[in-house]
Amino acid sequence: MENKKIGIYINILVYIYLALPTIIFFAGWLKWYFALPFGLVAAVACVKGFSNSIRDKCLIIDSSVDIEIRTLVKVLLLIALWVYISGIGGWCYQNKDHEVRNAIFRALVQYDWPVISYDGSRGLIYYIGFWLPAACVGKVFGLEAGYAAQVVWAVLGIFIVYYLICVYRKKVDLLPILFLIFFSGLDYVGTWILGEEGIDLSLAAHLEWWAYDMQFTSTTAQLFWVFNQAIPAWVSTMLIMTQKSCKNMLFILALTMLSSTIPFVGLIPIVLYLYAKRVMADRSRWKEIFTFQNITGVVLIGGCVFLYLIGNISSGVVGRDNADLVVREPAALCLKYLLFFFLEFGIYLYFVCKYRKKDSMVYLITGILAICPFVMVGDNHDFCMRASVPALIILMLLCIETLEKIQMEGKKFLLIAYCSVLLLGAITSFNEIHRSVKETFWRVTKGESVRYPEVDIEKQLLRYGNFSGEVSGNLFYEYFAKKYIYPEQ
């Protein structure tokens, strides 16, 4: 199949992948007289989005580049294996974060929409977008079919990310999928320096928390722990990076909100930067952002999803330990921050800047990653871990390009040093994979379940502010959401 046809099919697929969860949300959560027009307008915006992308040839790889089916099959098999080992669907060992993710998915499958507690007091308010297509399958064919659909949806999303990286690089090979699986900061080195728990890799420990209250999560750890936020954020970031105009950017950004709310925040400065860069290059382009799909994204999709998510007030609470962390011993904290900066991304910037020192994008992602650890939202450190996702993906792209340039120049010592850094980073991903394989093997051997034990949806999901909010007095649930009264249990 020629590259142009592949590009057209991928264009259509990627916009459907991003838009479908939002359209399902409109249909399932809103009153019919809101759901019908909102869904139709969003669908039209989606059509205009991929039509514009096709006209601009955004996702078409040059015809001179050979796209081998064997390469795509190998990539697809690697992605399927990666997702299978991750615990998505409950087919292999699941890390602790799957506890609440399984509960959310079960609620989406077993409850009517919108999901409201049996006493009618609280509604599910969370970034649920990733699960909605699979939940539709689960409602029709049963929960296990829904879990299988999650796996398919994850594999499809990552394959789209791989293809978009190939478009960005203008070549098709195995390097992007290897970086996606193994790219990480030097968590192993941080653990070794601090020496708190030793570095016995046979224990398959989770190395990401070596800096305690700061973390930039590796791509494999993102998939194994927070896949529902990571995969849509990867797709959106790469789609935005491949755009040749600003006609779809705000639309893509808005479609990210329901699935990847915190990464959505980290993507905003990147979109603003790309818009400003293009306007500075040609001032007449300032108008191109005012398209039907962009306006739909900001006003309709962004407005509706914002009203839904704002009902979860947990993000407005800053824990005491977080507040203290900002003001206590700033001089001492500086050393800790510098070590984190160097090991998580500074060491990569050293190599990248040898070839991109005048590239303003490098300074932008440096600024984003430098600021993220200082932003505290809620009782945990989710902002640092999740808002950094788009910038980390772009850093990964720059690192792939740097490896190729070092190879082309034949600088052996620089290549050895750079590959050593990449391999040290890859230990984090290896440990995540190692733990999943090890735990799966031993649990199956002992006759135990690999799926994380179920929690009570009513008591442990819909009761707490992290995942739900009060229905009474909530603007979204009062005026826009469908009414449904659950019987007392």
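Structure report, in brief. (Residues numbered from 1 in each chain as written. Predicted model: local features only at pLDDT ≥ 70, side-chain atom pairs only at ≥ 80, totals over all residues. Heavy atoms only, no water.)

A tally of regular secondary structure across the chain gives 20 helices and 2 strands. Along the first, second and third principal axes, the C-alpha atoms of the chain reach 70 × 55 × 50 Å. Counting over 489 residues, the chain shows a buried share of 57%. Taking the contacts inside the chain whose residues are at least 6 apart along the sequence as the reference set, 82% of them involve residues at least 24 apart. For the chain, the computed accessible surface area is about 21,400 Å², with 66% contributed by carbon and sulfur atoms. Positive and negative side-chain charges of the chain, numbering 43 and 38 respectively, have mean locations separated by a distance of 9 Å. (Helix = DSSP H or I, 4+ residues; strand = E, 2+ residues; numbered from the N terminus. Buried < 20%, exposed > 50% of the residue type's maximum accessible area, 1.4 Å probe, protein only. Contact = heavy atoms within 4.5 Å. Areas by Shrake-Rupley, 256 points an atom, 1.4 Å probe, with all protein chains shown as cover. Lys, Arg positive; Asp, Glu negative; His and termini not counted. Charge placed at Lys NZ, Arg CZ, Asp CG, Glu CD.)

Time to look at the state of the cysteines. This structure, assessed with the given rule, holds 0 disulfides. Note on cysteine 372: no disulfide assigned, nearest cysteine sulfur contributed by cysteine 384 at a separation of 6.0 Å. (Disulfide = S-S within 2.5 Å.)

On to helix α10 (residues 249-256), then. In an α-helix, one turn spans 3.6 residues, which is why side chains three or four residues apart end up on the same side. α10 sits mainly inside the fold: 7 of its 8 residues count as buried. Where the residues of α10 are buried, they touch α1 (3-29), α2 (32-55), α9 (219-241), α11 (261-281) and α12 (292-309).

Among the nonpolar cores identified, the biggest contains 167 residues, and Trp29, Leu108, Ile128 and Tyr308 are the most heavily contacted of them. It is helix α6 (residues 143-169) that contributes the most residues to this core, 17 residues altogether. Apart from the residues within four sequence positions on either side, leucine 108 is in contact with Trp29, Trp113, Val115, Leu124, Ile128, Trp131, Leu132, Ala135 and Lys139. (Core = buried A, V, L, I, M, F, W, Y, C linked by side-chain atoms within 4.5 Å.)

What follows is about the packing of aromatic side chains. For the coordinates displayed, the defined rule picks out 33 aromatic pairs. Residues tyrosine 33 and phenylalanine 34 carry aromatic rings whose centres are separated by 5.1 Å and whose planes lie at 50° to one another, so their mutual orientation is tilted. You can call phenylalanine 34 partly exposed: its relative accessible area is 21%. Ring centres of tryptophan 82 and tryptophan 234 lie 6.2 Å apart, and the angle between their planes is 5°; on these two criteria the pair is classed as stacked. Of the two residues, tryptophan 82 sits in helix α3 (residues 69-86) while tryptophan 234 sits in helix α9, which places them 152 residues apart along the sequence. (Phe/Tyr/Trp six-rings, centres within 6.5 Å; stacked < 30°, edge-to-face > 60°.)

A few words on the pattern of salt bridges. In this structure the tally under the stated criterion is 16 salt bridges. For the salt bridge of arginine 356 with glutamate 401, the shortest nitrogen-to-oxygen distance reads 2.3 Å. On the criterion of sequence distance, the pair formed by arginine 356 in helix α14 (residues 330-356) and glutamate 401 in helix α17 (residues 389-409) is long-range, its members being 45 residues apart. The network of salt bridges with shared partners includes Arg169, Lys171, Asp173 and Glu404. (Salt bridge = Lys/Arg side-chain N within 4 Å of Asp/Glu carboxyl O.)

The next point concerns a positive patch on the surface. A cluster of like positive charges, contributed by Lys4, Lys57, Lys170 and Lys244, occupies part of the molecular surface. Position of lysine 57 among the secondary structure elements: in the loop between α2 and α3. (Patch = residues over 30% accessible without salt bridge, like charges linked within 9 Å, V, L, I, M, F, W, Y side chains within 5 Å.)

So, about the environment of leucine 424. Secondary-structure assignment places leucine 424 in helix α18 (residues 412-445). With relative accessibility at 30%, the residue leucine 424 sits in the partly exposed group. Residues leucine 424 and serine 184 lie 240 residues apart in sequence; the distance between their C-alpha atoms is 8.6 Å. Setting aside anything within four residues of it in sequence, one finds leucine 424 in contact with Leu186, Tyr188 and Val189.

The subject of this paragraph is unusual backbone geometry. Cis rather than trans, the peptide bond between tryptophan 113 and proline 114 has omega equal to -5°. On the secondary structure map, proline 114 appears in the loop between α4 (98-110) and β1 (122-124). Phi angles above zero are rare outside glycine, and lysine 57 is one such case at about 55°. A positive phi angle, close to 65°, is found at lysine 170, a residue other than glycine. Among the secondary structure elements, lysine 170 is positioned in the loop between α6 and α7 (175-182).

Over its 23 residues, α9 runs only 18 Å from end to end, short of the ideal 33 Å by more than 12%, given 1.5 Å per residue. Of all the bends in α9, the greatest measures close to 130° and is centred on valine 226. Among the 23 residues that make up α9, 23 are buried, leaving the element largely enclosed by the rest of the structure. (Expected span 1.5 Å × (residues − 1). Bend = angle between axes of the 7 residues up to and from the residue.)

Summarising the element assignment, leucine 223 is placed in helix α9. Residue class for leucine 223 comes out buried when judged on its relative accessible area of 0%. The spacing of leucine 223 and glycine 129 is 94 residues in sequence and 16 Å in space, taken between C-alpha atoms. Residue contacts for leucine 223: discarding those within four places in its chain leaves Trp82, Val83, Ser86, Ile88, Ile158, Ile231 and Trp234.

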